[in-house]
Amino acid sequence: MTPPHRTPWWRAVALAAVLVPSTACAGGDSGSSSGRNEPLQTKAAAEVSTLAEARARAVATTAGVTLDAWRTNTSPCQGQRGEIADDGRWTLSGFAGLAVPPADQIATLRRIRDMWRQQGYEITEDRTFADGTRGAVSMRDPGTGITISLTTTASRDRVALILASGCYRPAAGEDPANA
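Let me sum up the structure you'll find in this document.

Rules of the game
- Residues numbered from 1 in each chain as written.
- Predicted model: local features only at pLDDT ≥ 70, side-chain atom pairs only at ≥ 80, totals over all residues.
- Heavy atoms only, no water.
- Buried < 20%, exposed > 50% of the residue type's maximum accessible area, 1.4 Å probe, protein only.
- Helix = DSSP H or I, 4+ residues; strand = E, 2+ residues; numbered from the N terminus.
- Pairing = 2+ DSSP bridges.
- Contact = heavy atoms within 4.5 Å.
- Axes fitted to C-alpha atoms, helices over the stretch in contact; angles between N-to-C directions.
- Parallel < 35°, antiparallel > 145°, perpendicular 65-115°, else oblique.
- Left-handed = near helix turned anticlockwise from the far one by under 90°.
- Nonpolar A, V, L, I, M, F, W, Y, C, P; charged D, E, K, R; others polar.
- Salt bridge = Lys/Arg side-chain N within 4 Å of Asp/Glu carboxyl O.
- Core = buried A, V, L, I, M, F, W, Y, C linked by side-chain atoms within 4.5 Å.

1. What to know about the pairing of strand 6 (residues 147-152)
Here strand 6 shows one buried face, formed by I148, L150 and T152, and one open face, formed by T147, S149 and T151. In the sheet, strand 5 (residues 135-140) pairs with strand 6 via five bridges, with the strands oriented antiparallel. Residue pairing for strand 6: R140 is matched across the bridge by T147. Connecting strand 5 to the antiparallel partner strand 6 that follows it, the hairpin turn spans six residues, and G145 within it adopts a positive phi of roughly 80°.

Given below as structure tokens:
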């Protein structure tokens, strides 16, 4: 039996862990979660983590499943050219699996997409793959800068959930960029 940390869906999550921080904070010094011309907000890591988990749990509830192996990590923000912020700016990434039966995965992605639209989120990806049995849907919350991507796994045993926050300045006494 393959250990849970080595299942194929975690390979996709590991790749996303590398890619998400590089795109989440590409706004440079003045980019923020709600607009490029506004200064970055100062947020406590616990506050962002709580909001991220609530968003992920809402997805799981809409899917009718539990949120499996929810994990988060914080990292420094990266600029448009891949440079690492040296002023403490940070972002949060979250990862989980949703044990959605293969026959229900496409319908579940559509149901979640519809929920996001009703909540006013921007749908940034909505597609069914060529085989007709797998797909992906992604959103961005313009109010918080949180993005969530859902993709069916190649093994079709679950749907991978990948979340990224916007960039924030650290709260006093915190250093989430280097945690």
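2. Points about the pairing of strand 7 (residues 159-164)
In terms of residue burial, strand 7 counts as a mostly covered element, since six of its six residues are buried. Both strand 3 (residues 90-98) and strand 7 contribute to a ladder of six bridges, which runs antiparallel. Paired with G97 across the bridge in strand 7 is A160. One ladder, built from six bridges, connects strand 6 with strand 7; its direction is antiparallel.

3. So, the environment of T108
Mapped onto the elements of the fold, T108 is located in helix 3 (residues 105-118). A residue is classified by how much of its surface remains accessible, and T108, at 3% relative accessible area, is buried. Remark: the alpha-carbon pair of T108 and G64, spanning 44 residues in sequence, is separated by 8.7 Å. Leaving out residues up to four positions away in the same chain, T108 has contacts with A63 and V100.

4. Observations regarding the packing of helix 2 (residues 45-63) against helix 3
It is the contact of helix 2 with helix 3, at a shortest axis distance of 9 Å, that shows an interaxial angle of 130°. Considering the angle they form, helix 2 stands oblique to helix 3. In terms of crossing hand, the pair formed by helix 2 and helix 3 is right-handed. Contacts between helix 2 and helix 3 pair A58, V59, T62 and A63 from the former with T108, R111, I112, M115 and W116 from the latter. Of the residues in the contact of helix 2 with helix 3, the class split is six nonpolar, two polar and one charged.

5. Observations regarding the pattern of salt bridges
When charged atoms on two side chains of opposite charge get close, those side chains can pair. Per the stated rule, a full pass over the model turns up 10 salt bridges. When the shortest N-O distance is used, the salt bridge between E53 and R57 registers 2.8 Å. With a gap of four residues between them, E53 and R57 both fall in helix 2, about one helical turn apart. The exposure class of R57 is partly exposed, given its relative accessible area of 42%. Between D126 and R113 there is a salt bridge, with its nearest N and O atoms 2.9 Å apart.

6. Overview of the nonpolar core
The biggest cluster of nonpolar side chains holds 30 residues, and the ones touching the most others in it are V59, L98, W116, I148, L150 and L161. Counting residues per element, this core draws most heavily on helix 2, which supplies seven residues. Residues within four places of V59 in sequence aside, it is in contact with L98, I112, M115, W116, I148, L150 and L161.

Note that every value here comes from positions in space, so none of it alone points to a role or purpose.
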